[in-house]
Amino acid sequence: MNRSGSTELIQRAQQSIPGGVNSPVRAFKGVGGDPIFFDRGQGAYLFDVDNNRYIDYVASWGPMILGHGHQPTVDAVIHQAQQALGFGAPTEGEINLAETIIEYVPGIEKVRMVNSGTEATMSAIRLARGYTGRHMIIKFTGCYHGHSDSLLVKAGSGVLTLGIPNSPGVPPAVAEYTLSLPFNNLDAVAKALAEYKDQVACVIIEPVAGNMGCIPPLPGYLEGLREMTAQAGTLLIFDEVMTGFRLSPGGAQAYYGISPDLTTLGKIVGGGLPVGAFGGRADIMSHIAPDGPVYQAGTLSGNPLAVAAGLTMLEHLTPQVYQAIDQATTRLAAGLAERAAGHGHRIATNHVCGMFGLFFDVDAAHHFEHVANSNTDKFNRFFHAMLDEGVYLAPSAFETGFISASHTPDIIDQTLAAADRAFAKI
Ligand code: KE4
């Protein structure tokens, strides 16, 4: 496959952009080789600058749940752009999007729009600290919640892939307020809440971990977290930047039937444009400025273009969309496991609606240690073998694959045929 255009562009990009990319995971440091520069997308396909076609399982890291170039979303953005690109003032569209989010997401009574998942989680943590008057936070090893200082403590995506457990630049005085515990382990949470009693402002978790591959919660885990945090007066924050509107219209909290105190959103809520959001119980959200004293702001928050994209995408998330995505995800995960075994490879596959992960040379993946002990070298060889077959997986063993409504049965079949050839090669 000729990818000379991408090779030339990464060399040029590195002259003006750190690493040649605007986000580290895109640089292929985790899998080796040069990143692909893309030119356009349509449905489940991406086309690179050399006009090679790939079946896409990155979906811009989640937003493209309806496939690339979803025409109603594109039309809504074009229409809004012809009205105005932005005001820095309130618009009716922001109310429509807020009301839609509240309608979909059970735990959200009030919501504030921001511009990224990082802003959403950073703001939610400040709110939790301001509301409780406590300083400590608990996160989980292998989970990633964006790159604000308090959260770059054994983060999962990006930092983990680059092998930097605690990023330089995070003052120890900040990091010491963050506890990072093993995922899917309630004893560890019980011990931490007992140890730190009334010092813990919040527990923040990806209800399905998507930044160390795809790792669903074990039965009873989320229920246990909900109970323990309520008893400790600690707020439970579901970081649904990735799972929001993906597992179901109401995200993981609706799928698992657990109501967190605060929820963070991103990706799908912006329809592919820069949007994040945080929301939750009205009595907590009332502490956010200008209603309350906890300051939070953003020049482009609620930007009309991004709001038009997000609102239109949410309006097209029908029950049929989730049924198709869930069926495609289940078929793909089962098919990958079957073809791997057919070529003598041992893989564990995890999946939930629209998300999947595969881990080589382990029998199961329930937490970070399982993932760290998996054969990432073999994943990297599989990644490149699939790339050469025209299938674009996430360029890191510590990321999740995403499936859209455009991944028809025929495209899943094409993917499995490619995987069969790739498993034979690695
Ligand atoms: P952003 O600031 O990148 O919009 O969102 C941060 C974030 C927060 N919470 C969760 C659960 C997330 O998955 C993310 C970002 N996800 C990664 C993908 N693993 C973004 C890819 C990247 O960093 O380029």
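Not measured: the values here are computed from a predicted model.

Calculation criteria
Residues numbered from 1 in each chain as written. Predicted model: local features only at pLDDT ≥ 70, side-chain atom pairs only at ≥ 80, totals over all residues. Heavy atoms only, no water. Helix = DSSP H or I, 4+ residues; strand = E, 2+ residues; numbered from the N terminus. Contact = heavy atoms within 4.5 Å. Near = heavy atom within 4 Å. Polar contact = N/O pair within 3.5 Å; in protein donor to acceptor, adjacent residues only side chain to side chain. Areas by Shrake-Rupley, 256 points an atom, 1.4 Å probe, with all protein chains shown as cover. Domains from an automatic or database assignment. Buried < 20%, exposed > 50% of the residue type's maximum accessible area, 1.4 Å probe, protein only. Pairing = 2+ DSSP bridges. Buried area = accessible area lost by both parts, 1.4 Å probe. Salt bridge = Lys/Arg side-chain N within 4 Å of Asp/Glu carboxyl O. Axes fitted to C-alpha atoms, helices over the stretch in contact; angles between N-to-C directions. Expected span 1.5 Å × (residues − 1).

## Focus: the side chain of Ser-148
Tracing the backbone through its elements, the reader meets Ser-148 in the loop between strand S5 (136-140) and helix H5 (172-175). If we ignore the near neighbours within four places in the chain, the residues touching Ser-148 are Thr-118 and Met-122.

## A few points about the site of the ligand
Taken together, 17 residues lie near the ligand, and Ser-23, Thr-118, Asn-211, Asp-239 and Glu-399 sit nearest. Here Ser-23 contributes a side-chain N or O atom positioned 2.7 Å from an oxygen atom of the ligand. A distance of 2.7 Å separates a nitrogen atom of the ligand from a polar side-chain atom of Asp-239. When the free accessible area of the ligand is taken as 540 Å², the share hidden by the protein chains comes to 87%. Both of domain 1 (4-69 + 318-425) and domain 2 (71-315) provide at least three residues apiece to the shell around the ligand.

## Side note on the pairing of strand S6 (residues 178-181)
Judged by which residues are buried, S6 turns out to be covered on both faces: Thr-178 and Ser-180 on one side and Leu-179 and Leu-181 on the other are all buried. Bridge analysis of S5 against S6 gives 4 bridges, and the strand direction is parallel. Directly across from Phe-140, in S6, lies its bridge partner Leu-181.

## Topic: the sheet that holds strand S14 (residues 401-402)
Spatially, S11-S12-S14 is the arrangement adopted by the 3 strands of the open sheet, whose pairing is antiparallel. In the strand order of this sheet, the two ends are held by strand S11 (347-352) and S14, each with one partner. Relative to strand S12 (residues 355-360), S11 runs antiparallel, the two being bridged by 6 bridges. For Asn-350, the partnering residue across the bridge sits in S12 and is Gly-357.

## Details of the domain arrangement of the chain
When its domains are assigned, the chain resolves into domain 1 (4-69 + 318-425) and domain 2 (71-315). Centre-to-centre, using C-alpha coordinates, domain 1 lies 25 Å away from domain 2. Contacts between the two partners involve 32 residues from domain 1 and, on the opposite side, 33 residues from domain 2. In this assembly, domain 1 packs against domain 2 so that about 2700 Å² is buried in total across both faces, 68% of it on carbon and sulfur atoms. Summed over the shared surface of domain 1 and domain 2, the number is 0 salt bridges.

## Some remarks on the sheet that holds strand S9 (residues 262-265)
An order of S4-S10-S9-S8-S7-S5-S6 is seen for the 7 strands of this open sheet, with the pairing classed as mixed. Single-partner strands in this sheet number two, and they are strand S4 (110-114) and S6. Looking at each pair of strands side by side, their axes are set apart by 20° on average, direction ignored. Two strands pair when backbone bridges link them, and S4 and strand S10 (residues 276-280) are joined in this way by 5 bridges, in the antiparallel orientation. From the neighbouring strand, Arg-112 faces S10, where its bridge partner is Phe-278.

## Focus: helix H11 (residues 319-342)
Think of an α-helix as 3.6 residues a turn; residues three or four steps apart then line up on the same face. Its 24 residues give H11 an end-to-end C-alpha distance of 35 Å, which sits within 8% of 34 Å, the value for a rise of 1.5 Å per residue. Along H11, the positions that sit buried rather than exposed are Val-321, Tyr-322, Ile-325, Ala-328, Thr-329, Leu-332, Ala-333, Gly-335, Leu-336 and Ala-340. Turning to H11, the residues buried within the fold contact S11, S12, helix H13 (376-388) and helix H14 (409-425). Looking one or two residues past H11, Gly-344 carries a phi angle of roughly 75°, positive in sign.

## Examining the pairing of strand S3 (residues 53-56)
As paired strands, strand S2 (residues 45-48) and S3 are joined by 3 bridges and run antiparallel to one another. Its bridge partner being in S3, Leu-46 is matched across the sheet by Tyr-54. Adjacent in sequence and paired antiparallel, S2 and S3 are bridged by 4 residues, among which Asn-51 carries a positive phi angle near 65°. Where S3 and strand S13 (residues 391-392) come together, 2 bridges link them in parallel fashion. Bridging from a neighbouring strand, Ile-55 pairs with Val-391 of S13.

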